[in-house]
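Breakdown of the fold
Spelled out, the chains give:
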2 protein chains.
Amino acid sequence: MNILLDSIEKVVGSQNVLRGEDVRSRTADWMTKEPCLAGAIVRPANTEQLSEVMALCYEANQAVVTHGGLTGLVRGGMASSDELVISLERMTQIESIDCVSGTMTVQAGAPLQSVQEAADQAEMQFNLDLGARGSCTIGGNIATNAGGIRVIRYGMMRDLVLGVEAVLADGTVVNSMNTMLKNNAGYDLKQLFIGSEGTLGIVTRAVLKLHPQLTATNTALVACEDFNSLTGLLQHARKSLGGELCAFEVMWSSYYSLLTTESNRHTPPISSDAPYYVLIESLGAEQKESHERFEKAIESAFEKGLLIDAVLASSDHQREKLWAIREDVEGLAHLLAPRFAFDISLPILEMDKYVRKLQSAVSQRWKNAKVIVFGHLGDGNLHVSVATGDASDETREAVESLVYEPLKLMGGSVSAEHGIGLKKRKYLNLSRTPAEIALMQTLKIALDPRGLLNRNKVLPDILA
Amino acid sequence: MNILLDSIEKVVGSQNVLRGEDVRSRTADWMTKEPCLAGAIVRPANTEQLSEVMALCYEANQAVVTHGGLTGLVRGGMASSDELVISLERMTQIESIDCVSGTMTVQAGAPLQSVQEAADQAEMQFNLDLGARGSCTIGGNIATNAGGIRVIRYGMMRDLVLGVEAVLADGTVVNSMNTMLKNNAGYDLKQLFIGSEGTLGIVTRAVLKLHPQLTATNTALVACEDFNSLTGLLQHARKSLGGELCAFEVMWSSYYSLLTTESNRHTPPISSDAPYYVLIESLGAEQKESHERFEKAIESAFEKGLLIDAVLASSDHQREKLWAIREDVEGLAHLLAPRFAFDISLPILEMDKYVRKLQSAVSQRWKNAKVIVFGHLGDGNLHVSVATGDASDETREAVESLVYEPLKLMGGSVSAEHGIGLKKRKYLNLSRTPAEIALMQTLKIALDPRGLLNRNKVLPDILA
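Just so it is clear, the structure is predicted and the values come from calculations on it, not from any experiment.

**A look at the relation of the copies chain A and chain B**
Expressed as a screw transformation, the operator carrying chain A onto chain B has a rotation angle of 180° and an axial translation of 0.0 Å, and the superposed copies differ by an RMSD of 0.0 Å. Between the two chains, the operation in question is that of a two-fold axis. Residue A:Gly243 of chain A places its C-alpha closer to the rotation axis than any other residue of that unit, at 2.3 Å. Same-surface contact between copies: 100% of interface residues of chain A are shared with the interface of chain B.

Following this line, the structure appears as structure tokens:
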């Protein structure tokens, strides 16, 4: 590797090839803070440098792992001593904004938050939003097809990207920086690089889709007395709020009680004896009109019997307090530790049965175990925490089976928004058919025949 | 081919293998009505039959062309006597609708209109809409990533498809019938089949995304005095209508005058001496509220000087009359015949300059030639007609050069929504880089190594 690193230094400069303690002192995973074990970390300044670096790696058969913000939670950033890490931390530029077409051109290392802020300054909005906004990068968001809290209105990252530039395993630069909503000239190549977790190419730049800035936010926390009311309320909100519904976040009572009355972490804004709670938010153009519409939607839901209790936020402070309950993932982790956390998706109509069965299977096996559920109901996405009081690998595997295996029959997914990485690789076959996995392998072999990019991630081993 | 056809008859039944006059009496192209020249037309009843048919074709090295509604306009349905046509006309079933998740599962041969109607009956909405709705099929819409008149609000077909089932060249069935908004378990394989015009696989079934039914429609025709006002109006409409803007269709004065005062085909609802006209439409949940919002948006645009004249439709009849001007493509074809028609996209800010340069280049070359422009401005998509009085191949090539070549520099596209097919194949390199085209060819070779699917369509010839 040293001869290769010397050549790479000539491309990126010696200060941009980190070795030894400079590598070990960094982490490979935001959650676990494990040290980075890679042979070196290479920090190209631009696409041209990365292209040269990859051409050298290709020639030397050198495997690489790409690092963004490392917040993916599926161990996608893990690297071993015979791998090089490519970090895009020096490629953070916001190159241009076009408010008329609604586009922003950025380098892949730009943190999500800086992109959001640049859009705000231009009186536009970039509508990917998630807790890790300060750390995660646009390149990572693209590679993992990030989701977050506005998917019900604006879609996943895939829906917010118009163009991509990527460097292939052999150093070829594929410039597919489309800026138009409509472009049907040949295959839509950017789709290959979105959500393939860096296994088909390294995303270096992107054209993002911006929306007009909307500031009229209305938020309510409501309680529902059964699952039918919950799905009825979702349909009612979608329809009566027109295009303005932007969050429909459900907390099962186990979550809501734990974070409010049981732990005293939050004062319950409405009583905690209902089976389901929903945080509903709309985002519109004009506050007075948007508020009236929102209030009317909540009132008519009440009249239809779709909810039994509700509180509307009357200030930003109240709004933040409502969201604080839903977003208190730290509290959840603290109260349940040790716990196993899951990010799954399944057809909405199957959710209630699925959660009940899981709760019963878990409590049959571990008497005092807890199953805590919340999620983006409108997106079909649940976040499930299981705490059995034990964090052993054996228990983890047993819990994983209970959570993942029922998904297969109902066409659910073992990963809604975090991807597969290393962590869920062995469960991929529960969500995808053998023909699908074979086709993924065909793509991997076609684009990265030497298997250099994020080796062993996402796909099962390819049999020769 | 006859031995192969005998084997195929055993799979689909002899009445579903058309030969001779039964083939010749059908067309291969909705626009030109040219007869179908294929060796035979095969009509499988379901995915399993198609899989067996393709396995037989693969073994026999038999090239096939897939037929949907044949309304693509780029000659994608053309087949020669040594090719078989696969028609999905017997696979038209709407399999299921889930109103809570907002999904519909259909076979690929289902006509768009029947899908729209099935959604309506379930009090939902399927939001792809285009003139050919009665003839075009869902499979064709997917294969060509169809656009249409609601893209500004709901996106292209790609944005309305959650899952796809496809048969590969060797007969393998790839079932990727995801039903959830979020699913990051491995590569998103459906993207391969969307917009690749049947060259990578034959789409057999799909899961479509439905939206809540909205019925409050408001429509206006307005006039703008310059291009800056036009783009300002677009931003104003996007913002002030919140999420409700669903059409922003621009007509250059040349189009508006031709279809109204010059031809007397339509009474001009507002005077015809402005340089630009826009048909603006919003779609909301509740008529009174939505109407007030719409009216206010138009009024404030007037106050801001973004428009100089406007008429609001006060009835469905008036609305239809406004749309009739915009949608009178027959009138346009009739008045300009012979003409060359183009479907291009480019950055919105470049449009005015592009059109002026084109007009000047065309009139320099052909003294009395006409350049008529309208399009989906918000999507970056223009439909350009050029009439020089002459329909020779030589003139066609000269006009094509004038229309397409300037797009290269500004990152525009030679095909916004109709695809490449046979017709635009030689211009693909104006919109895509050599590295992109090479990567498309890599995909083609990986998925269809024998080159059996829609041979010679989309991509330039692959050099061995």
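The rest of the description comes next.
**Focus on the interface of chain A and chain B**
Listed by partner, the interface residues are 88 residues for chain A and 88 residues for chain B. Area buried by chain A at its contact with chain B is led by A:Lys182, A:Asn184 and A:Tyr187, which between them contribute 15% of it. Among the ionic pairs, A:Glu286 bridges to B:Lys296, the shortest N-O distance being 3.4 Å. For the pair chain A and chain B, the number of links is 49 residue pairs in polar contact (both at pLDDT 80 or more). Sorting the residues of the side of chain A that touches chain B by element identifies α6 (151–154), β9 (173–176), α7 (190–193), α8 (227–240), α10 (287–303), α15 (428–431) and α16 (434–447) of chain A as the ones contributing at least two each. The biggest single contributor to the side of chain A that touches chain B is α16(A), with nine residues. For the side of chain A that touches chain B, the class distribution of residues is 34 nonpolar, 35 polar and 19 charged.

**A look at the pattern of salt bridges**
Summed over the entire model, instances satisfying the criterion amount to 54 salt bridges over all chains. A:Glu289 serves as the salt-bridge partner of B:Arg293, at 3.2 Å between the closest nitrogen and oxygen. Taken as a pair, B:Arg293 in helix α10 (residues 287–303) and A:Glu289 in helix α10 lie in two separate chains rather than in one. Judged by its relative accessible area of 2%, B:Arg293 falls in the buried class. Here B:Lys182 and A:Glu417 are joined by a salt bridge, their closest N and O atoms 2.9 Å apart. Pair noted here: B:Lys182 is in the loop between β9 (173–176) and α7 (190–193) and A:Glu417 is in the loop between α14 (393–409) and α15, and the two residues belong to different chains. Per residue, the accessibility class of B:Lys182 equals that of A:Glu417, and both read buried. Each of A:Asp6, A:Glu9 and A:Arg19 takes part in a single network of salt bridges with overlapping partners.

**A look at the sheet that holds strand β2 (residues 40–42) of chain A**
Residues and elements named next belong to chain A. In space, the four strands of this open sheet follow the order β1-β2-β4-β3, with mixed pairing throughout. Where the open sheet ends on each side, the last strands, each with one partner, are β1 (17–18) and β3 (64–67). Looking at chain direction, β2 and strand β4 (residues 84–87) are connected through three bridges and run parallel. Bridging across to β4, isoleucine 41 finds its partner in valine 85. Running at roughly 165° to β4, helix α3 (residues 47–59) makes contact with β2, β3 and β4 of the sheet.

**Overview of the packing of α16(A) against helix α16 (residues 434–447) of chain B**
Two numbers describe how α16(A) lies on α16(B): the axes approach to 10 Å, and their chain directions differ by 135°. Here α16(B) runs oblique to α16(A), going by the angle between their axes. Once α16(A) is placed against α16(B), the crossing between them reads as right-handed. Within the contact between the two elements, α16(A) uses A:Leu439, A:Thr442, A:Leu443, A:Ala446 and A:Leu447 and α16(B) uses B:Leu439, B:Thr442, B:Leu443, B:Ala446 and B:Leu447. Here the residues of the contact of α16(A) with α16(B) are counted per class, giving eight nonpolar, two polar and no charged.

**Section: the domain arrangement of chain A**
Residues and elements named next belong to chain A. Per the domain assignment, the segments making up chain A are domain 1 (2–87), domain 2 (94–212), domain 3 (216–327) and domain 4 (330–430). A separation of 30 Å is found between the C-alpha centroids of domain 2 and domain 3. The interface of domain 2 with domain 3 comprises six residues on the first partner and 11 residues on the second. Roughly 690 Å² of surface becomes buried between domain 2 and domain 3 when both sides are summed, with 54% attributable to carbon and sulfur atoms. Together, Ile149, Ile152 and Arg153 form the three largest contributors to the area buried by domain 2 at its contact with domain 3, with a combined 77%. At the junction of domain 2 with domain 3, the criterion picks out zero salt bridges. Broken down by element, the residue count for the side of domain 2 that touches domain 3 peaks at three residues, all from α6. Class assignment of the residues belonging to the side of domain 2 that touches domain 3 gives a composition of three nonpolar, one polar and two charged.

**As for the pairing of strand β10 (residues 202–209) of chain B**
All names here are of chain B. Counting buried positions along β10 yields eight of eight residues, so the element is predominantly enclosed. Sheet topology note: the strand β6 (residues 103–107)/β10 ladder contains five bridges and is antiparallel. Bridge assignment links glutamine 107 to a residue of β10, and that residue is arginine 205.

**Describing unusual backbone geometry**
Residue and element names in this part refer to chain A. Omega for the bond connecting alanine 337 with proline 338 falls within 30 degrees of zero, at -5°, which places this linkage in the cis form. Along the chain, proline 338 falls in the loop between α12 (329–336) and β16 (340–345). In this structure, asparagine 456 is a non-glycine residue whose phi angle is positive, near 70°. Looking at the element boundaries, asparagine 456 is found in the segment after α16.

**Looking at the UniProt feature "domain: FAD-binding PCMH-type" (unreviewed entry) in chain A**
In this structure's numbering, the residues bearing the UniProt feature "domain: FAD-binding PCMH-type" (unreviewed entry) are residues 34–213 of chain A. Measuring from the first to the last C-alpha atom of residues 34–213 of chain A gives 39 Å, for a span that is 21% helix and 24% strand.

**Digging into the state of the cysteines**
Scanning the model with the defined rule gives zero disulfides over all chains in all. No disulfide involves B:Cys57; its nearest neighbouring cysteine sulfur is the one of B:Cys36, lying 15 Å away.

**Topic: the pairing of strand β16 (residues 340–345) of chain B**
Within a regular beta strand, the side chains point alternately toward one face of the sheet and then the other, so they alternate between its two faces. All names here are of chain B. With respect to burial, β16 is a largely interior element, five of its six residues being buried. Taken together, the six bridges between β16 and strand β18 (residues 381–387) define a ladder with antiparallel strand orientation. Bridge pairing in β18 links phenylalanine 342 to valine 384.

**Details of helix α8 (residues 227–240) of chain B**
All names here are of chain B. Taking 1.5 Å of rise per residue, 14 residues should cover 20 Å, and α8 covers 20 Å from first to last C-alpha, within 8% of that figure. For α8, the buried fraction is high: 10 of the 14 residues fall into the buried class. Among the residues of α8, Phe227, Ser229, Leu230, Thr231, Gly232, Leu233, Leu234, His236, Ala237 and Arg238 are the ones counted as buried. Count one or two residues on from α8 and you reach glycine 242, which has phi positive near 60°.

**Side note on the side chain of A:Asp328**
All names here are of chain A. Mapped onto the fold, aspartate 328 is located in the loop between α11 (316–326) and α12. Taking the relative accessible area as the measure of exposure, aspartate 328 reaches 9% and is therefore buried. Aside from chain neighbours lying at most four places away, what touches aspartate 328 is Tyr255, Leu259, Arg265 and His266.

Procedures and definitions
- Residues numbered from 1 in each chain as written.
- Chains lettered and ligands numbered in written order.
- Predicted model: local features only at pLDDT ≥ 70, side-chain atom pairs only at ≥ 80, totals over all residues.
- Heavy atoms only, no water.
- Least-squares fit on C-alpha atoms with pLDDT ≥ 70 in both.
- Contact = heavy atoms within 4.5 Å.
- Buried area = accessible area lost by both parts, 1.4 Å probe.
- Salt bridge = Lys/Arg side-chain N within 4 Å of Asp/Glu carboxyl O.
- Polar contact = N/O pair within 3.5 Å; in protein donor to acceptor, adjacent residues only side chain to side chain.
- Helix = DSSP H or I, 4+ residues; strand = E, 2+ residues; numbered from the N terminus.
- Nonpolar A, V, L, I, M, F, W, Y, C, P; charged D, E, K, R; others polar.
- Buried < 20%, exposed > 50% of the residue type's maximum accessible area, 1.4 Å probe, protein only.
- Pairing = 2+ DSSP bridges.
- Axes fitted to C-alpha atoms, helices over the stretch in contact; angles between N-to-C directions.
- Parallel < 35°, antiparallel > 145°, perpendicular 65-115°, else oblique.
- Left-handed = near helix turned anticlockwise from the far one by under 90°.
- Domains from an automatic or database assignment.
- UniProt positions renumbered as here; feature names shortened; annotations may be inferred.
- Disulfide = S-S within 2.5 Å.
- Expected span 1.5 Å × (residues − 1).

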